[in-house]
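# Architecture at a glance
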Amino acid sequence: MKLYVYCLAAKIDALAAPVIGISGAAVDLVDVEDFSLLVSEFDGDSAPAVTRENVLAHDAVVRSVLNESTPLPFRFGTVQTEPQLRSYITTHKKALEAKLDAVRGCVEMSVKIISNNTDLDTTAEPAEQGPGVTFLKEKQRELLGSERRVQEAKQVAAWLEEQVGSFARQEEISLCPTEKLIVAAAHLIVREQVTKYRDRLASARNLRPELHFLVSGPWPPYTFSNIELEFKTRFGVS
Amino acid sequence: MSSPFDQVLIQSDVEQLEQADLSLLETLDHVLNRGLVIAGEITIAVADIDLIFLGLNVLLSSVETANEVLRKRE
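Just so it is clear, the model here is predicted, and its values are computed rather than measured.

With that out of the way, let us pick up the overall build of chain B. What chain B contains, in helices and strands, is three helices and three strands. Helices and strands appear in chain B in the N-to-C order α-α-β-β-β-α. Counting every position in chain B, which comprises 74 residues, the buried fraction comes to 57%. Of all intrachain contacts in chain B linking residues separated by at least 6 positions in sequence, the fraction that spans at least 24 positions is 46%. As displayed, chain B offers around 3,300 Å² of accessible surface, 48% of which is attributable to carbon and sulfur atoms.

Attention shifts here to the overall build of chain A. A count of helical and extended segments in chain A gives six helices and nine strands. Looking at the 238 residues of chain A, the share that counts as buried comes to 44%. Expressed as a percentage of contacts within chain A between residues at least 6 apart in sequence, the contacts between residues at least 24 apart total 75%. With the model as given, the accessible surface of chain A reaches about 12,000 Å², and the carbon-plus-sulfur share is 51%.

All names here are of chain A. In this chain, Gly-217 is followed by Pro-218 through a cis amide linkage whose omega measures 5°. Tracing the chain through its elements places Pro-218 in strand 9 (residues 211-219). One non-glycine residue, Ser-23, lies in the positive phi region at around 55°. Mapped onto the secondary structure, Ser-23 falls in the loop between strand 1 (2-10) and strand 2 (28-32). Residue class for Ser-23 comes out exposed when judged on its relative accessible area of 61%. Positive phi, close to 55°, is recorded for Glu-33, a residue that is not glycine.

Residue and element names in this part refer to chain A. Burial runs high along strand 1: seven of the nine residues are buried. Pairing of strand 1 with strand 3 (residues 35-42), which is carried by eight bridges, proceeds in the antiparallel orientation. Paired with Ala-10 across the bridge in strand 3 is Phe-35. Here strand 1 pairs with strand 5 (residues 79-81) via three bridges, running antiparallel. Each bridged residue has a counterpart across the sheet, and for Leu-3 the counterpart in strand 5 is Gln-80.

Moving on: helix 2 (residues 82-91) of chain A. Residue and element names in this part refer to chain A. Every buried residue of helix 2 is listed here: Leu-85, Tyr-88 and Ile-89. Projected down its long axis, helix 2 shows its buried positions confined to an angular sector of 95°, all on one face. Helix 2 presents Pro-83 and Thr-91 as exposed residues on the side facing more than 90 degrees away from its buried surface. Its buried side turned inward, helix 2 meets strand 1, strand 2, strand 3, strand 5 and helix 3 (93-103).

Time to look at the side chain of His-58 of chain A. For His-58 of chain A, the position within the fold is in helix 1 (residues 52-64). Since its relative accessible area comes to 0%, His-58 of chain A is described here as buried. Side chain to side chain, His-58 of chain A and Tyr-4 of chain A meet in a polar contact 2.7 Å long. The residues touching His-58 of chain A, leaving out its near neighbours within four places in the chain, are Tyr-4, Val-5, Tyr-6, Ile-22, Phe-74, Arg-75, Phe-76 and Tyr-222 of chain A together with Val-31 of chain B.

Thresholds, definitions, all that
- Residues numbered from 1 in each chain as written.
- Chains lettered and ligands numbered in written order.
- Predicted model: local features only at pLDDT ≥ 70, side-chain atom pairs only at ≥ 80, totals over all residues.
- Heavy atoms only, no water.
- Helix = DSSP H or I, 4+ residues; strand = E, 2+ residues; numbered from the N terminus.
- Buried < 20%, exposed > 50% of the residue type's maximum accessible area, 1.4 Å probe, protein only.
- Contact = heavy atoms within 4.5 Å.
- Areas by Shrake-Rupley, 256 points an atom, 1.4 Å probe, with all protein chains shown as cover.
- Pairing = 2+ DSSP bridges.
- Arc of directions from axis to C-beta.
- Polar contact = N/O pair within 3.5 Å; in protein donor to acceptor, adjacent residues only side chain to side chain.

Set out below in structure tokens:
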């Protein structure tokens, strides 16, 4: 029998209420070292299918302990045998303790920013240009546009840092992660500071009407949970 | 790394996405692309087609995944 693993937390005596997980399975606690893991029995050989129900169930189980503790969520699809799971926890005990200490008392807030700035050079070129010149001009516009976008993303990220960076115990910023997003930020915020963080962000948004903000949270600290694997740290591969 | 949230944003006008869609996309982004990873290989399937591959420490998800989940929501 394999276990589907949802999250790891500091030792929990019992779940406050029965929790239903992936495929309607009951969620149990497994204690390993000084941790409690939320797991459910899983019959399949591979990870469960990505469905709306399964994804929401995974998140709901992680959130079920969020009021009493700050868990480290596992990524969707983590299926292990109990001996494998115990071996992993025992092997990485120190790193996991350090991660739990880092996120204790915090939640994650997510800010994604879209720029409405379409400041691209769309000046029409004279019709008599040959195809080669037209091609090179187009490439030049693409490169200049891309560079401007990166510069804008850096400026917006720095501005966001000025506005709410002081609230974040940790942050993770991605610049231009997609064609539309110019900044994607995850902030680890002490729970008692969430309201102030939101208020500050709301004020800041009013200062930048040219930007579109997508703010969500509080989340369990998904972005801040992973530990560097020893072989990655040593050999630089993942 | 590409996330379902990012991929759908490329294809859709954010103004047209409902708040519930955004919430679901954010949940997908967090649950599928982030979190503690145990070294190993995991293949996640949607409708019996392998769409997500986890090679050691890297999980890639696809726009099909996000679209599939969004379709099932309807």
